[in-house]
Amino acid sequence: MTAYLIRNVRVLDGEPTDLLVRDGVVAEVGGGLTAGDATVLDATGLVALPGLVDLHTHLREPGREDAETVESGSRAAALGGYTAVCAMANTSPVADTAGVVEQVWRLGREAGLVDVQPIGAVTVGLAGERLAELGAMADSAARVRIFSDDGHCVADPRLMRRALEYVKAFDGVIAQHAEEPRLTEGAQMHEGEVSTRLGLTGWPAVAEEAIIARDVLLAEHVGSRLHVCHVSTAGSVEVLRQAKARGVRVTAEVTPHHLLLTDERAETYDPVFKVNPPLRTATDVAALRAALAEGVIDVIATDHAPHAVEDKECEWAYARPGMLGLETALSIALDVFGPQWDLIAERMSRAPARIAGLTGQGVDPAPGAPANLTLVDPAARRVIEPAELASRSRNTPYARMTLPGRIVATFLRGEPTVLDGKAVK
Ligand SMILES: NC(=O)N[C@@H](CC(=O)O)C(=O)O
């Protein structure tokens, strides 16, 4: 195993120092370390962060390997500075058995670019009727702890209650896609002024808020852990704020796109901006930013949702919802929050690692810490070219935008997965 001496790097907000990475851990930190047999990387101007952890990634394997595979999604993740991703269950077949979650977990190990932690479905086939084999998935080699029907809401309150109760036994968490389905039938975009003008059926904020309100009460009632996926409205933030103040065991995530883009993008009728939950208003964006800074929202999660060209480059009404996120998330965070490295490390690495129970991930670079880390050049700016992305899909909403920050290197347990901005394998 090669050792690396990372010279003159700032660890988060600290002064420039050297990091010696050896045998999978950060062996030493300090000024003027000697290289010995280590490969020297000059990291002047770069910032070292704990490797990013994504709580919400769609890898599409098994079933839609034309849109993404575990390997291509892992490469996109590593290039985005990630060392772990949680793979959503809405594959085909659905990840609702020990067999499927073990398959995804094994494919992740084989790719070896990030830790792939499968998420299990809450209900069989995401159909919302019967609980899946949560215990068998938890006991499998994949050690599933997060369960989600993401893409669908667990709408039946009794089923949601049972799921919350069931996962308590192994400190699991239910990650809810909060969308009251009766309120979003036929919905194409956020319900508001823009949808009225365009004549598109709206997805009202209350469809999200009503489910979050119900679920925090259920989680409180049974004393279990709830995680809320892709929070998108100012009203949801208020529900979460109240629940947290009461001590409910609830955590929440927001996506990079909901921190940056608004429903006005739908005026282009370009389906690249169609996503679930939909892009909301500038008021919502401001509330989400404040909630993330404050900690009412715990995590930035990408909801990386690759889609094949035929599913995206068609009429708005027929396009699948979802956008790419892994290769641009850190840049969006930097654009929105500036170089607040401790905040970025907390919301994009430590907190998601804690919620997912991933030991060894989300640990700041310090002597003895597992060498899962990423080196960022905050001064770099890059133009996003869809064709240059490592994802098999092209549906980035940031095409041809200039974004700040560039991932220069990523290390997974001491081995580089990205060097000089390029994937190592
Ligand atoms: N977030 C999205 O817009 N899409 C997700 C699932 C979903 O939440 O609809 C996908 O799997 O494509």
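Cut-offs applied
Residues numbered from 1 in each chain as written. Predicted model: local features only at pLDDT ≥ 70, side-chain atom pairs only at ≥ 80, totals over all residues. Heavy atoms only, no water. Domains from an automatic or database assignment. Contact = heavy atoms within 4.5 Å. Buried area = accessible area lost by both parts, 1.4 Å probe. Salt bridge = Lys/Arg side-chain N within 4 Å of Asp/Glu carboxyl O. Polar contact = N/O pair within 3.5 Å; in protein donor to acceptor, adjacent residues only side chain to side chain. Helix = DSSP H or I, 4+ residues; strand = E, 2+ residues; numbered from the N terminus. Nonpolar A, V, L, I, M, F, W, Y, C, P; charged D, E, K, R; others polar. Near = heavy atom within 4 Å. Areas by Shrake-Rupley, 256 points an atom, 1.4 Å probe, with all protein chains shown as cover. 1 Å grid on protein atoms, 1.4 Å probe; cavity = no way out; pocket = protein on both sides within 12 Å on 5 of 7 lines; lining within 4 Å. Sits in = over half its atoms within 2 Å of the grid points. Buried < 20%, exposed > 50% of the residue type's maximum accessible area, 1.4 Å probe, protein only. Arc of directions from axis to C-beta. UniProt positions renumbered as here; feature names shortened; annotations may be inferred. Core = buried A, V, L, I, M, F, W, Y, C linked by side-chain atoms within 4.5 Å. Axes fitted to C-alpha atoms, helices over the stretch in contact; angles between N-to-C directions. Parallel < 35°, antiparallel > 145°, perpendicular 65-115°, else oblique.

Q: Looking at this structure, how should I read the domain arrangement of the protein?
A: How big an interface is tends to be expressed through the accessible area that disappears when the partners come together. Considered domain by domain, the protein is made up of domain 1 (4-47 + 368-423) and domain 2 (51-356). Centre-to-centre separation of domain 1 and domain 2, based on C-alpha positions: 26 Å. Domain 1 puts 35 residues into the contact, and the matching count from domain 2 is 47 residues. Of the roughly 3100 Å² buried where domain 1 meets domain 2, counting both sides, 63% is carbon and sulfur surface. Connecting domain 1 to domain 2 are one salt bridge. One salt bridge connects Asp-115 with Arg-413, and the closest N-O pair in it is separated by 2.7 Å. On inspection of domain 1 and its partner domain 2, the count reaches 18 residue pairs in polar contact (both at pLDDT 80 or more). The element that contributes the greatest number of residues to the side of domain 1 that touches domain 2 is strand S17 (residues 402-412), accounting for seven residues. When grouped by side-chain class, the residues that make up the side of domain 1 that touches domain 2 number 18 nonpolar, 10 polar and seven charged.

Q: Explain the site of the ligand to me, please; I cannot follow it from the model alone.
A: In the region of the ligand, 13 residues are neighbours, and Arg-60, Asn-90, Asn-276, Asp-303 and His-307 sit closest. Here His-58 contributes a side-chain N or O atom positioned 3.3 Å from an oxygen atom of the ligand. Within the side chain of Asn-90, a nitrogen or oxygen atom sits 2.8 Å from an oxygen atom of the ligand. Protein contact buries 95% of the 310 Å² of open area that the ligand shows by itself. Of the pockets mapped on this structure, the ligand occupies the largest pocket. Across the shell around the ligand, the residue classes break down as three nonpolar, seven polar and three charged.

Q: What's the story with helix H4 (residues 157-167) in this structure? I'm lost.
A: Structural remark: α-helix, 3.6 residues per turn; residues separated by three or four positions point the same way. Residues Leu-159, Met-160, Ala-163, Leu-164 and Val-167 constitute the buried set of H4. What you see down the axis of H4 is that its buried residues fit within an arc of 135°, all on one side. Residues of H4 that are buried sit in contact with helix H3 (134-139), strand S9 (146-147), strand S10 (173-176), helix H6 (205-222) and strand S13 (225-228). The N-cap residue of H4 is Asp-156: its side-chain oxygen and the backbone nitrogen of Arg-158 are 2.8 Å apart.

Q: Please clarify how the UniProt feature "domain: Dihydroorotase catalytic" (unreviewed entry) in the protein should be interpreted in this entry.
A: Sites flagged by UniProt as "domain: Dihydroorotase catalytic" (unreviewed entry) map to residues 47-234. As annotated, residues 47-234 comprises 35% helix and 18% strand, and the C-alpha atoms at either end are separated by 32 Å.

Q: Explain the nonpolar core to me, please; I cannot follow it from the model alone.
A: For soluble globular proteins, the rule of thumb is that nonpolar side chains tend to be buried together. The biggest cluster of nonpolar side chains holds 113 residues, and the ones touching the most others in it are Ile-6, Leu-49, Phe-147, Met-348 and Leu-375. Split by domain, the residues of this core number at least three in each of domain 1 (4-47 + 368-423) and domain 2 (51-356). If we ignore the near neighbours within four places in the chain, the residues touching Met-348 are Leu-52, Val-53, Tyr-82, Ile-300, Ala-329, Leu-330 and Ala-333. Cys-86, Ile-146, Ala-175 and Ala-351 belong to the second-largest nonpolar core, a separate cluster that totals 17 residues.

Q: Which parts of the structure should I look at to understand the packing of helix H7 (residues 234-245) against helix H9 (residues 282-294)?
A: How two helices pack is summed up by the angle between their axes together with the distance between the axes. Look at H7 against H9: their axes get within 8 Å of each other, and the N-to-C directions meet at 30°. Comparing the axis directions of H7 and H9 gives the class roughly parallel. Between H7 and H9, the contacting residues are Ala-234, Val-237 and Arg-241 on the first element and Asp-284, Ala-287, Leu-288, Ala-291 and Glu-294 on the second. Class assignment for the residues of the contact of H7 with H9 results in five nonpolar, no polar and three charged.

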